[in-house]
Amino acid sequence: MDKSPEKAVMRVLGGETLETPPIWLMRQAGRYLPEYRSIRAKAKSFLDLCYTPELAIEVTLQPIRRFGFDAAILFSDILVIPDALGRQVRFEEGKGPLLEPIDKEAIDALELVDIRERLKPVLETVEGVRAQLPRETTLLGFCGAPWTVATYMVAGKGTSDQAPARLFAYRDPERFEKLLNLIADISADYLIAQFQAGADAVQIFDSWAGVLDEDQFERWCVKLVRRIVDKVRSEIIGAKIIGFPKGAGRLYEDYREMTGVTAVGLDWTVPLATAALMQTEGPIQGNLDPLRVVAGGKALDEGIDRIVETLGGGPLIFNLGHGITPEAPIAHVDRLLRRIRG
Ligand code: CP3
């Protein structure tokens, strides 16, 4: 059954259970790869790398060539959206993203932009990758969820609990909603354009979903992801969408139903019993602790085995519970793949 020419990740997104779960890793193109570091050193800045199709295509394909993952994820960043909106965005070595914090006046002045025009090089990257990707490899596009993108726009950087955006949302919910709706609408257009350029499926990263209380989670995470999902599916019928509300805890359980996403990406703190329950409703993705890949050995093997034993009998896309870290040894990634694929 596994010999079907259809892409393994797409089959699982269609609800099938495969004997060997397909695998890709969040941040699989990145600093743990020497070939990435070498291209990165050639680019003027991180955003230049994202906006130079020739380089971005190469970086997207690097982990596919080296490891033969079942999916390639477009090389770009969630913060190209604020950049396209005219906000200042830069990435500093060791500091992560730095943005010009947005205030009330700047929110009121924001306008919808033609994302196909602004992010043309990224869409060219999607087309270029599509043309070079092996037939069996799924091409994933992505965007950040409005809440997560807004946390960076408001604070101007990542903070430990994204308090600036949470406070803004309590103090001025109407204006905050306006900001998030705008991000959602632009992100939906951006995902539609990625599908049209050749993406098979997309992932919506809500990396900061875990800092909100139940009420705010529904208001700022669930509702806005639903808005994107509905808008994308009105153009791309049956679009396959993976939602990743990192840190959502107990709120994970109803996420698929509330947002309409096809599959739910789980972080490593989600108990496997909860994951198994969620899997009765549809495909799931995850959820190995990225530090098990750094540690290797028994920690790695046991983590993999527990996931495969508990979740391998249902629709599963094997992944980490968050991005692979720069410290992860390549030999451990090889070991992970060998253990999954036998
Ligand atoms: O391989 C892939 O996963 C595709 C490319 C990708 C990147 N960022 C490249 C990147 C994807 C899907 C992202 C998503 C992203 N970006 C998220 C959501 C996922 C997550 O990790 O929570 C977030 C929150 C961002 C914002 C962002 N970009 C941060 C916080 C940082 C700094 C932290 C870090 O790892 O350096 C970035 C920079 C970034 N994005 C790098 C890469 C490869 C490293 C920058 C460099 O090479 O100099």
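Our subject in this report is the structure included herewith. (Residues numbered from 1 in each chain as written. Predicted model: local features only at pLDDT ≥ 70, side-chain atom pairs only at ≥ 80, totals over all residues. Heavy atoms only, no water.)

On the surface, a cluster of negative charge is contributed by Asp-213, Glu-214, Asp-215, Glu-218, Asp-254, Glu-257 and Glu-281. Take the negative patch: its biggest share by element is three residues, from helix H12 (residues 214–235). Take Asp-254: it is sitting in the loop between strand S6 (241–245) and helix H13 (255–259). A relative accessible area of 44% places Asp-254 in the partly exposed class. (Patch = residues over 30% accessible without salt bridge, like charges linked within 9 Å, V, L, I, M, F, W, Y side chains within 5 Å. Areas by Shrake-Rupley, 256 points an atom, 1.4 Å probe, with all protein chains shown as cover. Salt bridge = Lys/Arg side-chain N within 4 Å of Asp/Glu carboxyl O. Lys, Arg positive; Asp, Glu negative; His and termini not counted. Charge placed at Lys NZ, Arg CZ, Asp CG, Glu CD. Helix = DSSP H or I, 4+ residues; strand = E, 2+ residues; numbered from the N terminus. Buried < 20%, exposed > 50% of the residue type's maximum accessible area, 1.4 Å probe, protein only.)

Let us now look at the environment of Gly-30. As for its placement among the helices and strands, Gly-30 is situated in the loop between helix H1 (8–13) and helix H2 (34–42). Placed 311 residues apart in sequence, Gly-30 and Arg-341 show a C-alpha to C-alpha distance of 23 Å.

Near the ligand lie 22 residues; those nearest to it are Arg-31, Tyr-36, Asp-77, Ser-207 and His-322. In this structure, an oxygen atom belonging to the ligand sits 3.2 Å away from a main-chain N or O atom of Gln-28. Note that an oxygen atom of the ligand is positioned 3.1 Å from one of the backbone N or O atoms of Ala-29. For the ligand, the accessible surface in isolation is 870 Å², of which the surrounding protein chains cover 88%. (Near = heavy atom within 4 Å. Polar contact = N/O pair within 3.5 Å; in protein donor to acceptor, adjacent residues only side chain to side chain.)

This next bit is on unusual backbone geometry. In this structure, Asn-287 follows Gly-286 across a cis peptide bond, with omega equal to -15°. Looking at where Asn-287 falls in the secondary structure, it is placed in strand S8 (residues 284–288). Here the phi dihedral of Arg-27 falls at roughly 60°; this positive angle occurs in a residue that is not glycine. According to the relative accessible area criterion, Arg-27 is exposed, its value standing at 54%. Unlike most non-glycine residues, Gln-162 shows phi in positive territory, near 50°. By secondary structure assignment, the location of Gln-162 is in the loop between helix H9 (146–155) and helix H10 (163–171).

Within the secondary structure, Phe-69 is located in the loop between helix H4 (53–67) and strand S1 (71–73). Owing to a relative accessible area of 2%, Phe-69 belongs among the buried residues under this scheme. Each C-alpha atom, one on Phe-69 and one on Trp-24, is 5.2 Å from the other, the two residues being 45 residues apart in sequence. Discounting chain neighbours no more than four positions away, the residues touching Phe-69 are Ile-23, Trp-24, Leu-25, Gln-28, Tyr-32, Pro-63, Ile-64, Thr-137, Val-333, Leu-337 and Arg-341. (Contact = heavy atoms within 4.5 Å.)

Within this structure, the stated rule accounts for eleven aromatic pairs. A ring pair is formed by Tyr-32 and Phe-67, whose centres lie 6.5 Å apart and whose planes are at 10°; its orientation type is stacked. Note that Tyr-32 is positioned in the loop between H1 and H2 and Phe-67 in helix H4, a separation of 35 residues in sequence. Since its relative accessible area comes to 7%, Phe-67 is described here as buried. A centroid spacing of 5.8 Å and a plane angle of 75° characterise the contact between Phe-46 and Phe-75, whose relative ring orientation is edge-to-face. Residue Phe-46 is found in helix H3 (residues 46–50), and its partner Phe-75 is found in the loop between S1 and helix H5 (80–84); the two are separated by 29 residues along the sequence. Considered together, Phe-46 and Phe-75 belong to a single accessibility category, that of buried residues. (Phe/Tyr/Trp six-rings, centres within 6.5 Å; stacked < 30°, edge-to-face > 60°.)

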